[in-house]
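Here are the chains, one letter per residue:
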Amino acid sequence: MRSYRCRCCGGPLEVRVETDQVFSLNSLSGRVQSIWRYEELLPDLGNPVTLGEGMTRLVRCERLAKLIGVRNLYVKLEGTNPTGSFKDRGISVGVTVALRAGADKVVCASTGNTAASLAAYAARAGLECAVLIPKGKVASGKLFQARLFGAVVCEVSGTFDDALRTALREAESIGAYVLNSVNPWRLEGQKTAAFELWEQMSGDTSFDVVVPVGNAGNISAIWKGFEELSRHGLIDDLPRMIGAQSSGAAPLARMMRLGLDEPSWVDDPQTIASAIRIGRPVNWKRAIRAVRRSGGMIYDVEDSEILEAMRLMATSEGIATEPAGAAPIALLKSKIQSGELPRDLTYVCIATGHHLKDPSSALVSWNEPVPVEDYLTRAGLQRTRFRE
Ligand code: F0G
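Residues numbered from 1 in each chain as written. Predicted model: local features only at pLDDT ≥ 70, side-chain atom pairs only at ≥ 80, totals over all residues. Heavy atoms only, no water.

1. What to know about helix α10 (residues 284-294)
And step 1. Buried within α10 are the following residues: Trp284, Arg286, Ala287, Ile288, Ala290, Val291 and Ser294.
And step 2. Those residues of α10 that are buried are in contact with α6 (184-190), α8 (217-231), β8 (240-246), α9 (251-258) and β9 (297-301).
And step 3. Where α10 ends, the next residue or the one after it, Gly295, has phi of about 80°, a positive value. (Buried < 20%, exposed > 50% of the residue type's maximum accessible area, 1.4 Å probe, protein only. Helix = DSSP H or I, 4+ residues; strand = E, 2+ residues; numbered from the N terminus. Contact = heavy atoms within 4.5 Å.)

What follows is the structure, encoded as C-alpha coordinates:
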(Lines give C-alpha, C1' and ligand atoms only; values in the text may rest on other atoms or scores of the structure.)
Protein backbone atom coordinates (compact mmCIF):
# COMPACT_ATOMS: atom_id res chain seq x y z
CA MET A 1 0.00 0.00 0.00
CA ARG A 2 2.97 2.29 0.62
CA SER A 3 4.41 2.31 -2.87
CA TYR A 4 2.79 4.38 -5.55
CA ARG A 5 5.27 3.91 -8.37
CA CYS A 6 5.96 0.76 -10.39
CA ARG A 7 9.18 -0.87 -9.17
CA CYS A 8 10.08 -1.90 -12.74
CA CYS A 9 9.40 1.17 -14.89
CA GLY A 10 8.88 3.92 -12.29
CA GLY A 11 5.50 4.73 -13.84
CA PRO A 12 2.40 5.45 -11.78
CA LEU A 13 0.44 2.50 -10.39
CA GLU A 14 -3.23 1.97 -10.97
CA VAL A 15 -5.75 0.43 -8.57
CA ARG A 16 -8.16 -2.18 -9.93
CA VAL A 17 -11.16 -3.18 -7.85
CA GLU A 18 -12.15 -6.70 -8.95
CA THR A 19 -15.80 -7.44 -8.24
CA ASP A 20 -18.86 -9.09 -9.76
CA GLN A 21 -21.13 -7.09 -7.49
CA VAL A 22 -22.12 -3.64 -8.55
CA PHE A 23 -24.71 -1.09 -7.51
CA SER A 24 -27.73 -0.12 -9.60
CA LEU A 25 -29.66 3.13 -9.54
CA ASN A 26 -32.29 1.47 -7.34
CA SER A 27 -29.90 -0.16 -4.90
CA LEU A 28 -28.30 3.19 -4.09
CA SER A 29 -31.35 4.81 -2.51
CA GLY A 30 -31.05 5.07 1.25
CA ARG A 31 -27.28 4.67 1.25
CA VAL A 32 -24.82 6.97 3.04
CA GLN A 33 -24.63 10.47 1.48
CA SER A 34 -20.94 10.40 0.60
CA ILE A 35 -18.54 8.82 -1.90
CA TRP A 36 -18.66 5.67 0.22
CA ARG A 37 -22.17 4.87 -1.10
CA TYR A 38 -20.40 3.37 -4.15
CA GLU A 39 -18.66 0.80 -1.99
CA GLU A 40 -18.74 -2.01 -4.58
CA LEU A 41 -16.36 -0.07 -6.83
CA LEU A 42 -14.18 1.36 -4.05
CA PRO A 43 -11.33 -0.49 -2.34
CA ASP A 44 -12.45 -2.39 0.74
CA LEU A 45 -10.61 -0.52 3.49
CA GLY A 46 -12.76 -1.03 6.59
CA ASN A 47 -13.79 2.14 8.41
CA PRO A 48 -13.10 5.12 6.15
CA VAL A 49 -11.75 8.46 7.33
CA THR A 50 -14.64 10.60 6.20
CA LEU A 51 -16.09 14.09 6.56
CA GLY A 52 -19.05 13.42 4.27
CA GLU A 53 -17.25 14.11 0.97
CA GLY A 54 -19.02 13.82 -2.37
CA MET A 55 -22.71 14.03 -3.31
CA THR A 56 -22.10 17.58 -4.50
CA ARG A 57 -24.85 19.51 -6.19
CA LEU A 58 -25.38 19.36 -9.93
CA VAL A 59 -27.10 22.55 -11.02
CA ARG A 60 -28.91 23.04 -14.32
CA CYS A 61 -28.02 26.49 -15.65
CA GLU A 62 -30.54 27.71 -18.22
CA ARG A 63 -29.64 31.40 -18.11
CA LEU A 64 -25.92 30.72 -18.40
CA ALA A 65 -26.56 28.19 -21.19
CA LYS A 66 -28.35 30.91 -23.16
CA LEU A 67 -25.53 33.38 -22.58
CA ILE A 68 -22.84 31.05 -23.86
CA GLY A 69 -25.03 29.52 -26.54
CA VAL A 70 -25.40 25.83 -25.62
CA ARG A 71 -28.52 23.70 -25.51
CA ASN A 72 -28.09 22.16 -22.06
CA LEU A 73 -25.64 23.09 -19.35
CA TYR A 74 -25.05 21.66 -15.90
CA VAL A 75 -22.45 22.75 -13.37
CA LYS A 76 -21.25 20.37 -10.68
CA LEU A 77 -20.41 22.36 -7.58
CA GLU A 78 -17.41 20.59 -6.08
CA GLY A 79 -17.00 23.57 -3.76
CA THR A 80 -19.74 22.02 -1.63
CA ASN A 81 -17.31 19.33 -0.44
CA PRO A 82 -16.26 19.51 3.26
CA THR A 83 -13.12 21.62 2.69
CA GLY A 84 -14.47 23.27 -0.44
CA SER A 85 -12.90 21.30 -3.31
CA PHE A 86 -13.04 17.96 -5.15
CA LYS A 87 -9.79 16.98 -3.42
CA ASP A 88 -11.79 15.70 -0.44
CA ARG A 89 -12.96 12.71 -2.48
CA GLY A 90 -9.44 11.43 -3.08
CA ILE A 91 -7.99 12.51 0.23
CA SER A 92 -10.69 10.59 2.14
CA VAL A 93 -9.59 7.37 0.40
CA GLY A 94 -5.89 8.28 0.55
CA VAL A 95 -5.84 9.04 4.27
CA THR A 96 -7.79 5.86 4.98
CA VAL A 97 -5.10 3.92 3.09
CA ALA A 98 -2.33 5.79 4.94
CA LEU A 99 -3.82 4.69 8.27
CA ARG A 100 -4.18 1.09 7.06
CA ALA A 101 -0.56 1.15 5.88
CA GLY A 102 0.54 2.18 9.38
CA ALA A 103 1.68 5.70 8.46
CA ASP A 104 1.78 8.31 11.20
CA LYS A 105 2.68 11.22 8.95
CA VAL A 106 1.35 12.39 5.59
CA VAL A 107 2.77 14.92 3.15
CA CYS A 108 1.80 16.60 -0.10
CA ALA A 109 2.87 19.40 -2.40
CA SER A 110 0.02 21.67 -3.31
CA THR A 111 -1.26 24.76 -5.06
CA GLY A 112 -3.56 25.01 -2.02
CA ASN A 113 -6.62 22.76 -2.20
CA THR A 114 -4.86 19.44 -1.61
CA ALA A 115 -3.07 21.09 1.31
CA ALA A 116 -6.35 22.29 2.86
CA SER A 117 -7.99 18.90 2.36
CA LEU A 118 -5.08 16.80 3.58
CA ALA A 119 -4.68 19.02 6.65
CA ALA A 120 -8.33 18.47 7.58
CA TYR A 121 -8.46 14.71 6.97
CA ALA A 122 -5.12 14.18 8.75
CA ALA A 123 -6.57 16.00 11.76
CA ARG A 124 -9.64 13.76 11.58
CA ALA A 125 -7.42 10.66 11.48
CA GLY A 126 -4.96 11.84 14.13
CA LEU A 127 -2.03 11.91 11.71
CA GLU A 128 0.79 14.42 11.47
CA CYS A 129 0.66 16.47 8.29
CA ALA A 130 3.12 18.60 6.34
CA VAL A 131 2.20 20.51 3.19
CA LEU A 132 4.68 22.01 0.73
CA ILE A 133 3.42 25.07 -1.10
CA PRO A 134 4.95 27.48 -3.62
CA LYS A 135 5.75 30.56 -1.55
CA GLY A 136 3.45 33.51 -2.17
CA LYS A 137 1.43 31.68 -4.82
CA VAL A 138 -1.39 30.09 -2.83
CA ALA A 139 -4.82 31.72 -2.48
CA SER A 140 -5.46 33.15 0.98
CA GLY A 141 -8.47 30.96 1.84
CA LYS A 142 -6.54 27.76 1.17
CA LEU A 143 -3.52 28.84 3.19
CA PHE A 144 -5.85 29.79 6.03
CA GLN A 145 -7.43 26.32 5.95
CA ALA A 146 -4.11 24.43 5.98
CA ARG A 147 -2.95 26.51 8.95
CA LEU A 148 -6.26 26.21 10.78
CA PHE A 149 -6.31 22.42 10.50
CA GLY A 150 -2.85 22.35 12.05
CA ALA A 151 -0.63 21.16 9.19
CA VAL A 152 3.00 22.24 9.14
CA VAL A 153 2.96 24.62 6.19
CA CYS A 154 6.34 24.58 4.42
CA GLU A 155 7.04 27.27 1.84
CA VAL A 156 9.11 26.38 -1.21
CA SER A 157 10.79 29.04 -3.34
CA GLY A 158 9.68 28.15 -6.85
CA THR A 159 6.66 26.61 -8.48
CA PHE A 160 4.27 23.81 -7.52
CA ASP A 161 6.38 21.51 -9.70
CA ASP A 162 9.46 22.31 -7.56
CA ALA A 163 7.42 21.66 -4.39
CA LEU A 164 6.25 18.29 -5.74
CA ARG A 165 9.79 17.27 -6.65
CA THR A 166 10.91 18.11 -3.10
CA ALA A 167 8.00 16.22 -1.52
CA LEU A 168 8.67 13.10 -3.60
CA ARG A 169 12.41 13.26 -2.96
CA GLU A 170 12.18 13.82 0.81
CA ALA A 171 9.13 11.76 1.77
CA GLU A 172 11.12 8.70 2.67
CA SER A 173 13.70 10.57 4.72
CA ILE A 174 10.99 12.21 6.85
CA GLY A 175 8.95 8.99 7.06
CA ALA A 176 5.85 10.43 5.45
CA TYR A 177 3.23 8.91 3.15
CA VAL A 178 2.76 10.99 -0.02
CA LEU A 179 -0.78 11.99 -0.92
CA ASN A 180 -0.38 13.79 -4.21
CA SER A 181 -2.24 12.42 -7.20
CA VAL A 182 0.77 10.26 -8.13
CA ASN A 183 -0.74 8.12 -5.39
CA PRO A 184 -3.27 5.87 -7.16
CA TRP A 185 -5.60 5.69 -4.15
CA ARG A 186 -6.35 9.39 -4.59
CA LEU A 187 -7.81 8.70 -8.03
CA GLU A 188 -10.03 5.98 -6.58
CA GLY A 189 -11.81 8.62 -4.52
CA GLN A 190 -11.95 11.14 -7.33
CA LYS A 191 -13.47 8.69 -9.82
CA THR A 192 -16.69 8.83 -7.75
CA ALA A 193 -17.55 12.14 -9.47
CA ALA A 194 -18.37 9.99 -12.52
CA PHE A 195 -20.63 7.69 -10.48
CA GLU A 196 -22.43 10.71 -9.07
CA LEU A 197 -22.99 12.25 -12.49
CA TRP A 198 -24.41 8.95 -13.70
CA GLU A 199 -26.70 8.78 -10.66
CA GLN A 200 -27.73 12.44 -10.78
CA MET A 201 -28.54 12.18 -14.50
CA SER A 202 -30.61 9.03 -13.81
CA GLY A 203 -28.25 6.79 -15.77
CA ASP A 204 -28.22 8.91 -18.95
CA THR A 205 -24.58 9.75 -19.68
CA SER A 206 -25.02 11.29 -23.12
CA PHE A 207 -23.16 14.47 -22.18
CA ASP A 208 -19.66 15.92 -22.48
CA VAL A 209 -17.67 16.59 -19.30
CA VAL A 210 -15.48 19.70 -19.13
CA VAL A 211 -12.80 19.66 -16.41
CA PRO A 212 -9.97 22.03 -15.45
CA VAL A 213 -6.56 20.39 -15.80
CA GLY A 214 -3.54 21.04 -13.59
CA ASN A 215 -1.59 17.99 -12.49
CA ALA A 216 -4.09 16.04 -14.64
CA GLY A 217 -5.22 13.59 -11.94
CA ASN A 218 -8.87 14.59 -11.86
CA ILE A 219 -9.66 14.26 -15.54
CA SER A 220 -7.97 10.82 -15.49
CA ALA A 221 -9.92 9.78 -12.39
CA ILE A 222 -13.31 10.86 -13.72
CA TRP A 223 -12.66 8.96 -16.96
CA LYS A 224 -11.68 5.88 -14.93
CA GLY A 225 -15.03 6.10 -13.17
CA PHE A 226 -16.93 6.17 -16.47
CA GLU A 227 -14.88 3.28 -17.85
CA GLU A 228 -15.76 1.22 -14.78
CA LEU A 229 -19.46 1.98 -15.19
CA SER A 230 -19.16 0.84 -18.78
CA ARG A 231 -17.22 -2.33 -17.86
CA HIS A 232 -20.00 -3.27 -15.44
CA GLY A 233 -22.68 -2.71 -18.07
CA LEU A 234 -24.21 0.30 -16.35
CA ILE A 235 -23.75 2.70 -19.27
CA ASP A 236 -23.65 2.52 -23.06
CA ASP A 237 -22.47 6.06 -23.77
CA LEU A 238 -19.05 7.07 -22.51
CA PRO A 239 -18.92 10.87 -22.15
CA ARG A 240 -16.31 12.85 -24.04
CA MET A 241 -13.73 14.31 -21.67
CA ILE A 242 -12.70 17.88 -22.46
CA GLY A 243 -9.86 19.46 -20.47
CA ALA A 244 -9.31 23.16 -19.79
CA GLN A 245 -5.87 24.59 -19.06
CA SER A 246 -4.82 28.20 -18.58
CA SER A 247 -2.88 29.61 -21.53
CA GLY A 248 0.10 30.43 -19.29
CA ALA A 249 0.24 26.86 -17.97
CA ALA A 250 -0.90 24.72 -20.88
CA PRO A 251 1.63 22.01 -21.77
CA LEU A 252 -1.09 19.44 -22.55
CA ALA A 253 -3.33 21.75 -24.57
CA ARG A 254 -0.29 22.68 -26.66
CA MET A 255 0.73 19.04 -27.07
CA MET A 256 -2.73 18.11 -28.35
CA ARG A 257 -3.09 21.17 -30.56
CA LEU A 258 0.24 20.47 -32.28
CA GLY A 259 -0.29 16.69 -32.34
CA LEU A 260 2.98 16.04 -30.44
CA ASP A 261 3.86 12.71 -28.80
CA GLU A 262 5.11 14.35 -25.61
CA PRO A 263 4.46 17.63 -23.86
CA SER A 264 7.12 20.31 -23.65
CA TRP A 265 7.15 21.49 -20.06
CA VAL A 266 6.42 25.02 -18.96
CA ASP A 267 9.14 26.11 -16.52
CA ASP A 268 7.52 29.28 -15.27
CA PRO A 269 3.74 28.74 -15.43
CA GLN A 270 1.66 31.89 -14.99
CA THR A 271 -2.08 32.26 -14.52
CA ILE A 272 -4.62 33.95 -12.33
CA ALA A 273 -6.06 30.45 -11.69
CA SER A 274 -3.41 29.58 -9.09
CA ALA A 275 -4.86 26.08 -8.52
CA ILE A 276 -3.76 25.02 -12.01
CA ARG A 277 -0.51 26.97 -12.21
CA ILE A 278 1.36 23.77 -13.08
CA GLY A 279 3.95 23.31 -15.81
CA ARG A 280 4.73 19.57 -15.53
CA PRO A 281 1.55 17.57 -14.90
CA VAL A 282 2.62 14.23 -13.43
CA ASN A 283 -0.48 12.42 -14.67
CA TRP A 284 -0.11 13.64 -18.25
CA LYS A 285 0.03 10.17 -19.83
CA ARG A 286 -3.13 8.99 -18.11
CA ALA A 287 -4.92 12.23 -18.95
CA ILE A 288 -3.97 12.19 -22.63
CA ARG A 289 -5.04 8.54 -22.87
CA ALA A 290 -8.38 9.37 -21.22
CA VAL A 291 -9.06 12.32 -23.46
CA ARG A 292 -8.07 10.48 -26.66
CA ARG A 293 -10.07 7.35 -25.82
CA SER A 294 -13.12 9.43 -25.04
CA GLY A 295 -12.84 11.37 -28.32
CA GLY A 296 -12.25 14.61 -26.42
CA MET A 297 -9.60 17.32 -26.38
CA ILE A 298 -7.63 19.61 -24.07
CA TYR A 299 -7.80 23.33 -24.87
CA ASP A 300 -6.40 26.41 -23.20
CA VAL A 301 -8.17 29.61 -22.19
CA GLU A 302 -6.86 33.09 -21.39
CA ASP A 303 -7.03 34.53 -17.88
CA SER A 304 -9.36 37.27 -19.15
CA GLU A 305 -11.77 34.55 -20.37
CA ILE A 306 -11.65 32.84 -16.97
CA LEU A 307 -12.47 36.11 -15.20
CA GLU A 308 -15.37 36.73 -17.56
CA ALA A 309 -16.66 33.17 -17.01
CA MET A 310 -16.57 33.67 -13.23
CA ARG A 311 -18.54 36.88 -13.63
CA LEU A 312 -21.10 35.31 -15.95
CA MET A 313 -21.69 32.30 -13.71
CA ALA A 314 -22.03 34.40 -10.62
CA THR A 315 -24.27 37.10 -12.01
CA SER A 316 -26.51 34.91 -14.18
CA GLU A 317 -26.95 31.93 -11.88
CA GLY A 318 -25.85 32.90 -8.35
CA ILE A 319 -23.27 30.12 -8.36
CA ALA A 320 -19.58 30.73 -8.04
CA THR A 321 -16.20 29.10 -8.03
CA GLU A 322 -12.53 29.96 -7.68
CA PRO A 323 -10.84 30.83 -11.00
CA ALA A 324 -9.69 27.30 -11.96
CA GLY A 325 -13.26 26.05 -11.58
CA ALA A 326 -14.48 28.63 -14.09
CA ALA A 327 -12.03 27.52 -16.80
CA PRO A 328 -14.54 24.96 -18.23
CA ILE A 329 -17.20 27.65 -18.70
CA ALA A 330 -14.60 29.94 -20.27
CA LEU A 331 -13.60 27.12 -22.61
CA LEU A 332 -17.18 26.32 -23.63
CA LYS A 333 -17.97 29.96 -24.33
CA SER A 334 -14.91 30.38 -26.52
CA LYS A 335 -15.16 27.08 -28.41
CA ILE A 336 -18.89 27.42 -29.04
CA GLN A 337 -18.26 30.87 -30.45
CA SER A 338 -15.46 29.59 -32.71
CA GLY A 339 -17.53 26.60 -33.79
CA GLU A 340 -14.98 24.06 -32.49
CA LEU A 341 -17.59 22.59 -30.13
CA PRO A 342 -21.22 21.99 -31.15
CA ARG A 343 -24.02 23.98 -29.51
CA ASP A 344 -26.54 21.23 -29.66
CA LEU A 345 -25.27 19.01 -26.84
CA THR A 346 -25.47 18.64 -23.09
CA TYR A 347 -22.36 19.79 -21.27
CA VAL A 348 -21.40 19.18 -17.64
CA CYS A 349 -18.78 21.60 -16.29
CA ILE A 350 -16.92 20.68 -13.13
CA ALA A 351 -16.55 23.75 -10.87
CA THR A 352 -13.73 22.27 -8.85
CA GLY A 353 -13.34 24.67 -5.91
CA HIS A 354 -15.33 27.09 -3.75
CA HIS A 355 -15.24 30.80 -4.59
CA LEU A 356 -14.30 31.86 -1.07
CA LYS A 357 -11.01 29.98 -1.41
CA ASP A 358 -9.70 32.93 -3.39
CA PRO A 359 -11.38 36.19 -2.44
CA SER A 360 -8.83 38.41 -4.24
CA SER A 361 -10.25 41.80 -5.10
CA ALA A 362 -8.63 41.55 -8.56
CA LEU A 363 -11.25 38.92 -9.40
CA VAL A 364 -14.09 41.41 -8.83
CA SER A 365 -12.42 44.55 -10.15
CA TRP A 366 -15.33 44.88 -12.57
CA ASN A 367 -17.56 45.73 -9.60
CA GLU A 368 -15.97 48.36 -7.36
CA PRO A 369 -17.90 49.46 -4.26
CA VAL A 370 -19.34 52.97 -4.59
CA PRO A 371 -20.13 55.67 -1.99
CA VAL A 372 -23.76 55.31 -0.90
CA GLU A 373 -24.50 58.92 -1.93
CA ASP A 374 -23.48 58.13 -5.50
CA TYR A 375 -25.76 55.13 -5.56
CA LEU A 376 -28.72 57.01 -4.08
CA THR A 377 -28.32 59.85 -6.53
CA ARG A 378 -28.03 57.47 -9.47
CA ALA A 379 -31.00 55.33 -8.39
CA GLY A 380 -33.05 58.47 -7.64
CA LEU A 381 -32.31 59.90 -11.08
CA GLN A 382 -33.34 56.67 -12.72
CA ARG A 383 -36.65 56.70 -10.83
CA THR A 384 -37.38 60.27 -11.82
CA ARG A 385 -36.63 59.40 -15.42
CA PHE A 386 -38.91 56.35 -15.15
CA ARG A 387 -41.77 58.48 -13.75
CA GLU A 388 -41.37 60.97 -16.56
N1 F0G B 1 -9.27 22.85 -9.89
C2 F0G B 1 -8.86 23.11 -8.64
C3 F0G B 1 -9.69 24.03 -7.82
C4 F0G B 1 -7.68 22.52 -8.13
O5 F0G B 1 -7.31 22.78 -6.89
C6 F0G B 1 -6.93 21.68 -8.97
C7 F0G B 1 -5.68 21.07 -8.50
C8 F0G B 1 -7.41 21.43 -10.27
C9 F0G B 1 -8.58 22.02 -10.70
C10 F0G B 1 -6.69 20.53 -11.22
O11 F0G B 1 -6.82 19.20 -10.86
O12 F0G B 1 -4.42 18.62 -10.69
O13 F0G B 1 -6.15 16.85 -10.81
O14 F0G B 1 -5.64 18.25 -12.80
N15 F0G B 1 -5.12 21.39 -7.45
C16 F0G B 1 -3.93 20.72 -6.88
C17 F0G B 1 -3.68 21.16 -5.46
C18 F0G B 1 -2.76 20.70 -7.75
O19 F0G B 1 -2.55 21.07 -4.99
O20 F0G B 1 -4.62 21.55 -4.79
P21 F0G B 1 -5.69 18.15 -11.32
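2. Some words on the domain arrangement of the chain
And step 1. Domain annotation of the chain identifies domain 1 (58-83 + 186-364) and domain 2 (86-184).
And step 2. For domain 1 and domain 2, the distance between their C-alpha centres works out to 23 Å.
And step 3. Each partner contributes to the interface: domain 1 provides 33 residues, whereas domain 2 provides 32 residues.
And step 4. When domain 1 packs against domain 2, close to 2700 Å² is buried across both sides, 48% of that on carbon and sulfur atoms.
And step 5. Interface area lost by domain 1 to domain 2 is led by Thr83, Arg186 and Lys357, which between them contribute 32%. (Domains from an automatic or database assignment. Buried area = accessible area lost by both parts, 1.4 Å probe.)

3. Quick notes on the site of the ligand
And step 1. Neighbouring residues of the ligand: 21 residues in total, closest Ser110, Gly214, Asn215, Ala216 and Thr352.
And step 2. A distance of 2.8 Å is found between an oxygen atom of the ligand and a backbone nitrogen or oxygen belonging to Thr111.
And step 3. At 2.7 Å from an oxygen atom of the ligand is found a main-chain nitrogen or oxygen belonging to Asn215.
And step 4. Relative to its unbound accessible surface of 480 Å², the ligand loses 99% to contact with the protein.
And step 5. Broken down by secondary-structure element, the contributors of at least two residues to the shell around the ligand are α3 (113-125) and α8.
And step 6. Here the shell around the ligand is built from residues that sort into eight nonpolar, 11 polar and two charged.
And step 7. Composition of the shell around the ligand by domain shows at least three residues from each of domain 1 (58-83 + 186-364) and domain 2 (86-184). (Near = heavy atom within 4 Å. Polar contact = N/O pair within 3.5 Å; in protein donor to acceptor, adjacent residues only side chain to side chain. Areas by Shrake-Rupley, 256 points an atom, 1.4 Å probe, with all protein chains shown as cover. Nonpolar A, V, L, I, M, F, W, Y, C, P; charged D, E, K, R; others polar.)

4. Some thoughts on the sheet that holds strand β1 (residues 58-60)
And step 1. Read across the open sheet, the six strands follow the order β1-β2-β10-β7-β8-β9; overall the sheet is mixed. Each edge of the open sheet is held by one strand with a lone partner, namely β1 and β9. This sheet shows a mean twist of 25° between the axes of neighbouring strands, independent of strand direction.
And step 2. With five bridges joining them, strand β7 (residues 208-212) and β8 adopt parallel strand pairing. Following the sheet pairing, Asp208 is matched in β8 by Arg240.
And step 3. Packing of helix α7 (residues 192-200) onto the sheet brings it into contact with β1, β2 (72-77), β7 and β10 (346-351), and relative to β2 it is tilted by some 135°. (Pairing = 2+ DSSP bridges. Axes fitted to C-alpha atoms, helices over the stretch in contact; angles between N-to-C directions.)

5. A word on the packing of α3 against helix α4 (residues 140-148)
And step 1. Across the interface, α3 lies against α4 with an axial gap of 8 Å and an inter-helix angle of 20°. The orientation of α3 relative to α4 falls into the category roughly parallel. Pair α3 / α4 crosses with left-handed handedness. Contacts between α3 and α4 pair Asn113, Ala115, Ala116 and Ala119 from the former with Lys142, Gln145 and Ala146 from the latter.
And step 2. Per-class residue counts for the contact of α3 with α4 are four nonpolar, two polar and one charged. (Parallel < 35°, antiparallel > 145°, perpendicular 65-115°, else oblique. Left-handed = near helix turned anticlockwise from the far one by under 90°.)

6. Some words on the pairing of β8
And step 1. The element β8 is largely enclosed, with a buried count of six among its seven residues.
And step 2. Assessed by its sense of winding, the connection that carries the chain from β7 through α8 to β8 is right-handed.
And step 3. Where β8 and β9 come together, five bridges link them in parallel fashion. In the sheet register, Ser246 faces β9, and the bridge partner there is Val301. (Right-handed = clockwise from strand over helix to strand, strands pointing away.)

7. What to know about the sheet that holds strand β6 (residues 177-178)
And step 1. Spatial ordering of the open sheet is given by β5-β4-β3-β6, a layout of four strands whose pairing is parallel. Lying at the two open borders of the sheet, with one neighbouring strand each, are β5 (152-156) and β6.
And step 2. Across the sheet, α3 touches β3 (105-109) and β4 (128-134), and the angle it forms with β3 is around 170°.
And step 3. Contacting β3, β4, β5 and β6, helix α5 (residues 160-174) runs over the sheet at an angle of about 160° to β3.

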